[in-house]
Amino acid sequence: MRPEVRHAVERIAGPVESWRRPDGGYSPAERWVVRLASGGSAFVKAGVTGQSARRLRVERRFYESVEADFLPRLLGADDSVPLMVLEDLSEGRWPPPWEDADVEAVLSVLREIPLVRPPSHLGRLEDVPGIRGGWESVAADPDPFLSTGLCSPDWLRETLPVLLEAERRADLAGEALVHFDIRSDNLCLLPGRAVVVDWDSAAVGNPEVEVAGFLPSLRLEGGPLPDELWTGDGGLPALLAGFWACRMGLEAVPDAPRVRWIQRRAGTQALWWTSRALGLPEPDGRWAQEAIDAASEDFRSGRINADQWTASVEEALVDAYLLTADPRLQSGKGGDEDEWRWSRELILDCFQGDATVLDVGCANGYLMQSLKRWGAERGRSIECWGLEISSRLAWLARRRVGEPLASRIFVDDARKWVAPRRFDVVHTGLDYAPPGLERDLVSHLLSDVVAPGGRLVLRAERVRTGTADLVEQLSSLGWEPDGVVEAVHPKTGEVRRTAWVRAAIER
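Okay, so let's go over this structure. Just so it is clear, the structure is predicted and the values come from calculations on it, not from any experiment.

The rules behind the values
- Each chain carries its own residue numbering, running from 1 in the written order of its sequence.
- Where local features are concerned, this predicted model is filtered to residues with pLDDT of at least 70; where side-chain atom pairs are given and counted, the filter is 80 or more; whole-chain, interface and lining totals use all residues.
- Computation of side-chain values: all heavy atoms of the structure, hydrogens and water removed.
- Ring pairs are drawn from Phe, Tyr and Trp, using the six-membered ring of Trp, whenever the two centres fall within 6.5 Å, and their geometry is named by plane angle: stacked under 30 degrees, edge-to-face over 60, tilted for the rest.
- By the criteria applied, helices consist of DSSP H or I runs no shorter than four residues and strands consist of E runs no shorter than two, each listed in order from the N terminus.
- To sort residues, take the accessible area from a 1.4 Å probe on protein chains only and compare it with the maximum for the residue type: under 20% means buried, over 50% means exposed, and anything in between is partly exposed.
- To estimate how far a helix should reach, multiply one less than its number of residues by 1.5 Å.
- Two residues qualify as a contact provided that any one of their heavy atoms is within 4.5 Å of a heavy atom in the partner residue.
- Two strands make a pair as long as DSSP finds a minimum of two bridges between them.
- Throughout, an axis means a line fitted to C-alpha atoms (over the contacting stretch in the case of helices), and angles, computed between N-to-C directions, take values from 0 to 180 degrees.
- Take the buried Ala, Val, Leu, Ile, Met, Phe, Trp, Tyr and Cys residues and link them wherever side-chain atoms come within 4.5 Å; each set so joined is a nonpolar core.
- Any carboxyl oxygen of Asp or Glu that lies within 4 Å of a side-chain nitrogen of Lys or Arg is treated as forming a salt bridge with it.
- Throughout this description, a polar contact denotes any pair of N or O atoms lying within 3.5 Å of each other; where both atoms belong to protein, one of them has to be capable of donating a hydrogen while the other can accept it, and for residues adjacent in sequence the pair is counted only when both atoms sit in side chains.
- The arc in question is traced by the directions running from the helix axis to the C-beta atoms.

**Digging into the packing of aromatic side chains**
So, step 1. Counted under the stated rule, the structure contains 12 aromatic pairs.
So, step 2. Ring centres 5.7 Å apart and planes at 85° place the aromatic pair W230 and W273 in the edge-to-face group. Of this pair, W230 sits in the loop between α8 (226-229) and α9 (235-245) while W273 sits in helix α10 (residues 259-277), placing them 43 residues apart in sequence.
So, step 3. Here W230 falls in the buried class, since its relative accessible area comes to 13%.
So, step 4. Between W340 and Y366, the aromatic rings sit 5.2 Å apart at their centres with planes inclined by 40°, giving tilted as the arrangement.

Put into structure tokens, the structure is as follows:
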């Protein structure tokens, strides 16, 4: 902590005993939680650049002008640093994860905010520079947006007229107080009270903008699909998608280098939501696979480590899964239910009788449910567990499947997981390990997760000429499969193949 910051805090709140940096925040402003010698604590926010100092003064003026239960208490400020000392909210709960009650608490406070009279000094939302015209900017210079890989030039050309019209009809006008930056790191849940922080973007306008702006980030964190909570038309979703679309492909903001990152991710959710709301075809880019391929290349070249590879793959893959409500797409498989069954039911052909089954990479839990149902149709008892590296997908899965399956979903990296028990059958993909570390994954699962004499079953893949199948992949890792199972698609004649390896029987 800089000496001038500490001295200013002590002038406002008394002697400081200790301090720590909290997580979160996208701006370069300094953030501290200080423990006071009096026994209390406080949150300190200090400007460190010209831009962050200006925004801090704007936020301070807002706190001095408004009193409401949804605001943190301002304990004092010092313009010479500049800094604010605020109520410490670190003991509250900062989502994610999101429970249904949490979402309702936020929606409730978003209904409460417009009831407060806005300070007279606030500007109007429709006058915020750049809030409109996002799709017009993309139309004038599409290259930055197209560089994200979210869609093809053809898709953009065909849909732009509809997006432009929807953006033009979006209503920003109103007389309500608008925060205009509602997302989880600005939301704290306390007993009987939801608190909203970071009011430097506050304006006067249409309060529906708050809900529309919140829903994409909520979904990114495993919350409901925007369509489930939105009651308006496609105008505001289109405006917000355009707001992010014209920015996400630009160079990083020096004062806030993570802003483009969150704009791209929130903008992706908004774009898919807008496409559904306007009846447009789904964007046709391969951005998620391209991001995964890039992460794998970075790992092979030594530019990132295994944990960074995992984080990059999780971000791209799960962001893509969360674009839809289709349970099969959320499990990484397109097509209808017949396609799903053809691609996954042959797991049951790899073993006989009743079994405990662990699905590694269980995603939204749909395969767990499916295996139990398909097993029952065969007169077999299949008890399923799940392992998922993404906490976001695990939250989604637990809400979807309910008990008892929800309690059987673990969050960890399959290469390192210390299993609380062994399983008769473990189902996995080889691509759950960074390239070159697949052998470590298979070895760990066989020795520490599969029950003695049990079976490790690989995720089935289409048989394609010129591509190494699972038998060849296993052989290259040092294992000859103990069994190979195939399924022929009833309509196309395509073949899907899986292979399994028996775990050693301990002596």
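**Some details on helix α3 (residues 100-112)**
So, step 1. In a regular helix each residue adds 1.5 Å, so 13 residues correspond to 18 Å; α3 covers 19 Å between its end C-alpha atoms and thus fits that length.
So, step 2. Looking at the packing, one finds that the buried side of α3 touches β7 (187-190), β8 (193-196), α7 (208-220) and α8.

**A look at the sheet that holds strand β5 (residues 83-86)**
So, step 1. The strand order across the open sheet built from 5 strands is β1-β2-β3-β5-β4, with neighbouring strands paired in antiparallel fashion. Edge positions in the sheet fall to β1 (16-20) and β4 (74-78), since each has one partner strand and no second. For this sheet, the mean inter-axis angle between neighbouring strands, taken without regard to orientation, is 25°.
So, step 2. Across 4 bridges, the pairing between β1 and strand β2 (residues 30-36) is antiparallel. Bridge pairing in β2 places R20 opposite V33.

**Focus on the side chain of E314**
So, step 1. Structurally, the position occupied by E314 is in helix α12 (residues 306-321).
So, step 2. With residues up to four places along the chain from it excluded, the contact list for E314 reads D319, S390 and R392.

**Overview of the nonpolar core**
One recurring pattern in soluble globular proteins is that nonpolar side chains are buried together.
So, step 1. In this structure, F62, L110, W135, F145, L156, W199 and F214 are the most contacted members of the largest nonpolar core, which totals 77 residues.
So, step 2. The biggest single contributor to this core is α9, with 8 residues.
So, step 3. Dropping the residues within four chain positions of it, F145 is found in contact with W135, V138, L150, C151, L156, A245, M248 and L271.
So, step 4. Core analysis: the second largest hydrophobic core is formed by 29 residues, F351, Y366, A394 and V485 among them.

**Some details on unusual backbone geometry**
So, step 1. The peptide bond linking V81 to P82 adopts the cis configuration, its omega dihedral lying at -10°.
So, step 2. Along the polypeptide, P82 turns up in the loop between β4 and β5.
So, step 3. Positive phi, close to 70°, is recorded for F180, a residue that is not glycine.
So, step 4. Tracing the sequence through the fold places F180 in the loop between β6 (176-178) and β7.

**Let's talk about the pattern of salt bridges**
So, step 1. Applying the stated criterion to the full structure yields 44 salt bridges.
So, step 2. Put simply, R497 and E486 hold a salt bridge, and the shortest N to O gap is 2.4 Å. Highlighted residues: R497 in strand β17 (residues 495-502) and E486 in strand β16 (residues 483-488), separated in sequence by 11 residues.
So, step 3. Here the salt bridges do not stand alone but share partners, grouping R341, E345, D349, E377 and R378 into one network.

**So, the side chain of E345**
So, step 1. Take E345: it is sitting in the loop between α13 (337-344) and β10 (355-360).
So, step 2. In this structure the side chain of E345 is engaged in a polar contact, spanning 2.8 Å, whose partner is the side chain of R341.
So, step 3. If we ignore the near neighbours within four places in the chain, the residues touching E345 are W374 and R378.

**So, helix α1 (residues 3-13)**
So, step 1. When α1 is considered as a whole, its buried residues turn out to be V5, A8 and V9. Around the axis of α1, the buried residues are gathered within 100° of arc, so they sit on the same side. Projecting away from the buried face of α1 at angles above 90 degrees are the exposed residues P3 and R11.
So, step 2. Count one or two residues on from α1 and you reach G14, which has phi positive near 105°.

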